[in-house]
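Okay, here's what each chain looks like letter by letter:
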Amino acid sequence: MAKGAQQNREHLAAVQLLGKTVSKRAGFRCEWCEGDQELRLWEYQPDQEPTEENLALLCQSCRELVGVKNPDPRRLRSLRNALWSQVPAIAEGAAVVLARCKEPWVREAIEESFIDQGLKDRLL
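Counting restarts for each chain: residues are numbered from 1 in the order of the written sequence. This being a predicted model, a pLDDT of at least 70 is required before a residue's local features are given, and a value of 80 or more before pairs of side-chain atoms are given or counted; all residues contribute to the totals for chains, interfaces and linings. Derived side-chain values reflect all non-hydrogen atoms in the structure, with water molecules and hydrogen atoms excluded from consideration.

Draft legend 1. Representation of the packing of aromatic side chains within the structure. Aromatic pairs are defined between Phe, Tyr and Trp rings, using the six-membered ring for Trp, whenever the two ring centres lie within 6.5 Å; interplanar angles under 30 degrees are classed as stacked, those over 60 as edge-to-face, and all others as tilted. Applying the stated criterion to the full structure yields three aromatic pairs. Both rings, one in Trp-42 and one in Tyr-44, keep their centres 6.1 Å apart while their planes meet at 50°; by these two values the pair is tilted. For the ring pair Trp-84 and Phe-114, a centre distance of 5.0 Å and an interplane angle of 85° mean the geometry is edge-to-face. Residue Trp-84 is found in the loop between helix H4 (73-76) and helix H5 (88-98), and its partner Phe-114 is found in the loop between helix H6 (104-112) and helix H7 (117-123); the two are separated by 30 residues along the sequence. Note on Phe-114: relative accessible area 61%, which makes it exposed. Members of the aromatic cluster, joined through ring pairs, are Trp-32, Trp-42 and Tyr-44. Only DSSP runs of H or I reaching four residues or more are called helices, and only runs of E reaching two or more are called strands; each is numbered from the N terminus. Note on exposure labels: buried denotes an accessible area under 20% of the residue type's maximum, exposed denotes more than 50%, and partly exposed covers the range between, all computed with a 1.4 Å probe on protein chains only.

Structure (structure tokens):
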């Protein structure tokens, strides 16, 4: 078996071990928009060791937003509250998605949030 494949399996197993804890933290709702449909774990920084701070429970709609280059601002409004989370996967992950939108309210929301100043500087 290839070394990379084994490492990937171990990584995924470590993520799954944290699933119950993250789901309970989230109240079994999406940690970005509070939806409750098709919830799954999402890794904010998948190249790092899985931790509760690096994982968020997201719905299908929010997971799709992660890959969209020019998201519809109307879909993003529900992510604003996520910027106030103390969990990096929630607040910083949402900020990265929001920053792709050039609406003035997005910039203001990110500037007012408690996310790391270095990340704010990179995003804005």
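Draft legend 2. Main features of the nonpolar core. The nonpolar core is taken to be a set of buried Ala, Val, Leu, Ile, Met, Phe, Trp, Tyr and Cys residues, with the residues joined through side-chain atoms within 4.5 Å. Formed by 30 residues in total, the largest nonpolar core has its most connected members in Trp-32, Leu-76, Leu-79, Leu-98 and Ile-110. For this core, the secondary structure elements donating two or more residues are strand S2 (55-58), helix H3 (60-66), H5, H6 and H7. With seven residues, the single largest contributor to this core is H5. Contacts are assigned to residue pairs that have any heavy atoms within 4.5 Å of one another. Discounting chain neighbours no more than four positions away, the residues touching Leu-98 are Leu-76, Leu-79, Leu-83, Trp-105, Val-106 and Ile-110. Core analysis: the second largest hydrophobic core is formed by six residues, Val-15, Val-22, Ala-26 and Leu-55 among them.

Draft legend 3. Layout of the pattern of salt bridges. Should a side-chain nitrogen of Lys or Arg be within 4 Å of a carboxyl oxygen of Asp or Glu, the pair is scored as a salt bridge. A complete count under the given rule lists four salt bridges for this structure. In this structure, the salt-bridge partner of Arg-25 is Glu-31, at a minimum N-O distance of 2.8 Å. Relative accessible area serves as the criterion here: at 30%, Arg-25 is assigned to the partly exposed category. A residue is classified by how much of its surface remains accessible, and Glu-31, at 13% relative accessible area, is buried. Note that Glu-111 is salt-bridged to Arg-107, the shortest N-O span being 3.2 Å. Of this pair, Glu-111 and Arg-107 both sit in helix H6, four residues apart, which is roughly one turn of that helix. On the basis of relative accessible area, Arg-107 is assigned to the partly exposed category, the value being 42%.

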